[in-house]
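# A look at the structure
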Amino acid sequence: MRYIEPHAHMVSRTTDDYVSIVTAGCQAVCEPAFWAGFDRSSSRGFYDYFRQLTQYEPQRAAKFGLAHYTWLCINPKESEDLVLADEVLSIIPEFIDSPNVLGIGEIGLNKNSRNELKVLEKHVNLAAERDQLILVHTPHLEDKLKGTRLIVDLIKSDSRIDPGKVIIDQIALDAGFWAGITLYPESKCTPPRAIDIVENFGHEQIWMNSACDWGVSIPLAVPKTALEMRRRGHTEEFIDQLLYRNPARFMGQCPKFKLPLE
Ligand SMILES: [Zn+2]
C-alpha cells in the first residue's frame, strides 16, 4: 500500500521510525511546528527550530527516499506571551518560501485566552496575506468544543480565507473545512473509532494522521488503520483514497507539494 503521513513530529522520532514508515509505504511526511514539551526561552529557540524543520529534517527524511514537508507557527501553548509571539511571527516570513513549507500550522487554542486568540488572528492574517494553507489542531484544549467554535468563527470571519484550504478538527466539516482525524493509541480516537467516523460522516474532505511526537504515540497508526479498514471489507481503492489521495489533494493546493509517485 501507499499512504501519506500528514501530521507527524519527526524531530522527536528516531531514525528507526523513518525506516518503519517508509517500509509500510509512506510516500511523504508532513510536520507542523508545535510545542517542544517545554517552553522555549526566547525567539532564537524558534529560529533554530524553523531551521531544523526547513533544512535538517528534509535531509534526514531524504536519506530514506521520503519527501518531507512542514508548517510554521508559534503554538498556542507559547502564545500567552505576546512579545515572544510577535518576535516569532516576524521570523516566519524568512522561512515561509522554503521549498518544503506548505503553510501555517499547527495553530489553534490551548486555554481559549484573549492572548491566544490575538496570536491566532495574526497567524490567520499571515496565511491570508501570503495565500498559505492552514493547519489547525486542538489536542490539548481544556474546553475543546468551545475552542473549536472560536477558531472556526475567527477563520470564517476573514473573507480572504478559503475554508477548503484549512484543515481542522472534524466538527468543522459543515463549514467547508477539511477535517484531520488524529489516531491516538488509547482513549480518544483509535483506528476503529476513526473508521466509524468516516463511515458515518463521509470521507471527501478527511485525512487520517498519527500526530506522533515525543509523547505516547504510534508512528504506524495510519497504515494500522488500513488493516482495520480491510478487516471491515473496505476496498483497496477506498483505502488509497482516504490515506493517500485525500491528503495529496489537500496539500496539492500548495504548488510546492509534489509526490514521487505522480
Ligand atoms: Zn501535532
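Preceding this paragraph is the structure being described.
Conventions we followed
- Residues numbered from 1 in each chain as written.
- Predicted model: local features only at pLDDT ≥ 70, side-chain atom pairs only at ≥ 80, totals over all residues.
- Pairing = 2+ DSSP bridges.
- Helix = DSSP H or I, 4+ residues; strand = E, 2+ residues; numbered from the N terminus.
- Axes fitted to C-alpha atoms, helices over the stretch in contact; angles between N-to-C directions.
- Core = buried A, V, L, I, M, F, W, Y, C linked by C-beta atoms within 7 Å.
- Buried ≥ 20, exposed ≤ 12 C-beta atoms within 10 Å, placed from the backbone.
- Contact = placed C-beta atoms within 7 Å.
- Expected span 1.5 Å × (residues − 1).
- Bend = angle between axes of the 7 residues up to and from the residue.
- Right-handed = clockwise from strand over helix to strand, strands pointing away.
- Parallel < 35°, antiparallel > 145°, perpendicular 65-115°, else oblique.
- Left-handed = near helix turned anticlockwise from the far one by under 90°.
- Nonpolar A, V, L, I, M, F, W, Y, C, P; charged D, E, K, R; others polar.

In this section: the sheet that holds strand S6 (residues 166-168). Judged by pairing direction, the sheet is parallel, and its eight strands sit side by side in the order S1-S2-S3-S4-S5-S6-S7-S8 without closing on themselves. Sheet topology places strand S1 (3-5) and strand S8 (206-209) at the edges, where each strand pairs with a single neighbour. When the angles between neighbouring strand axes are averaged without regard to direction, this sheet yields 25 degrees. The pairing of strand S5 (residues 133-136) with S6 spans two bridges and is parallel. Each bridged residue has a counterpart across the sheet, and for leucine 135 the counterpart in S6 is isoleucine 167.

If you look at the biggest cluster of nonpolar residues, it comprises 72 residues, and the most contacted ones within it are Val29, Ile134 and Val166. In contact with isoleucine 134, not counting residues within four places along its chain, are Gly103, Ile104, Gly105, Ile107, Val124, Ala127, Lys165 and Val166.

Let us now look at helix H8 (residues 236-251). Between its terminal C-alpha atoms H8 stretches 22 Å, which fits the 22 Å expected from 16 residues at 1.5 Å a residue. A maximum bend of about 40 degrees is found in H8 at leucine 242. Taken together, the buried positions of H8 are occupied by Leu242, Leu243, Tyr244, Asn246, Pro247, Ala248, Phe250 and Met251.

Bringing helix H2 (residues 43-62) into the picture now. Its 20 residues place the ends of H2 28 Å apart at the C-alpha level, agreeing with the 28 Å of an ideal helix rising 1.5 Å per residue. Of all the bends in H2, the greatest, near 40 degrees, is centred on glutamine 52. Here H2 has its buried residues at Phe46, Phe50, Leu53, Thr54, Glu57, Pro58 and Ala61. Packing partners of the buried residues in H2 comprise helix H1 (15-23), strand S2 (26-32), strand S3 (67-72), helix H3 (82-96) and strand S4 (101-107).

This part takes up the pairing of S4. Remark: a regular strand shows side chains that alternate across the two faces of the sheet. For S4, a buried count of seven out of seven residues is recorded, marking the element as mostly surrounded by other parts of the structure. Sheet topology places S3 next to S4; three bridges connect them, and they run parallel. Across the sheet, residue leucine 72 finds its bridge partner in S4, namely isoleucine 104. For the segment spanning S3, H3 and S4, crossover handedness is right-handed.

Attention now moves to the packing of H2 against H3. Where H2 contacts H3, the two axes come as close as 9 Å, and the packing angle between them is 30 degrees. Viewed along their axes, H2 and H3 adopt a mutual orientation that is roughly parallel. Where H2 crosses over H3, the handedness of that crossing is right-handed. Within the contact between the two elements, H2 uses Ser43, Phe46, Tyr47, Phe50 and Thr54 and H3 uses Leu84, Glu87, Val88, Ile91 and Phe95.

Right, let's get into unusual backbone geometry. For the peptide bond that leads from glycine 105 to glutamate 106, omega is -5 degrees, which places it in the cis range. Along the chain, glutamate 106 falls in strand S4. Of note in the backbone geometry, asparagine 112 takes a positive phi value of approximately 55 degrees without being a glycine. With respect to the helices and strands, asparagine 112 occurs in the loop between S4 and helix H4 (114-129). Judged by C-beta crowding, with 20 C-beta atoms within 10 Å, asparagine 112 ranks as buried.

On to the packing of H3 against H4, then. Close contact between H3 and H4 brings their axes to 11 Å; oriented N to C, the two are set at 10 degrees. By the criterion of interaxial angle, the relationship of H3 to H4 is roughly parallel. Here H3 contributes Leu82, Ala85, Leu89 and Ile92 to the contact with H4, which in turn contributes Asn115, Lys118, Val119, Lys122 and Leu126. Looking at the contact of H3 with H4, its residues break down into six nonpolar, one polar and two charged.

Looking now at the pairing of strand S7 (residues 178-182). For S7, the buried fraction is high: five of the five residues fall into the buried class. The side-chain alternation of S7 yields two buried faces, one formed by Trp178, Gly180 and Thr182 and the other by Ala179 and Ile181. Of the strand pairs in this sheet, S6 and S7 are connected by two bridges, and their pairing is parallel. By the bridge assignment, isoleucine 167 is partnered in S7 with tryptophan 178.

Any functional reading would require information beyond the geometric quantities listed.
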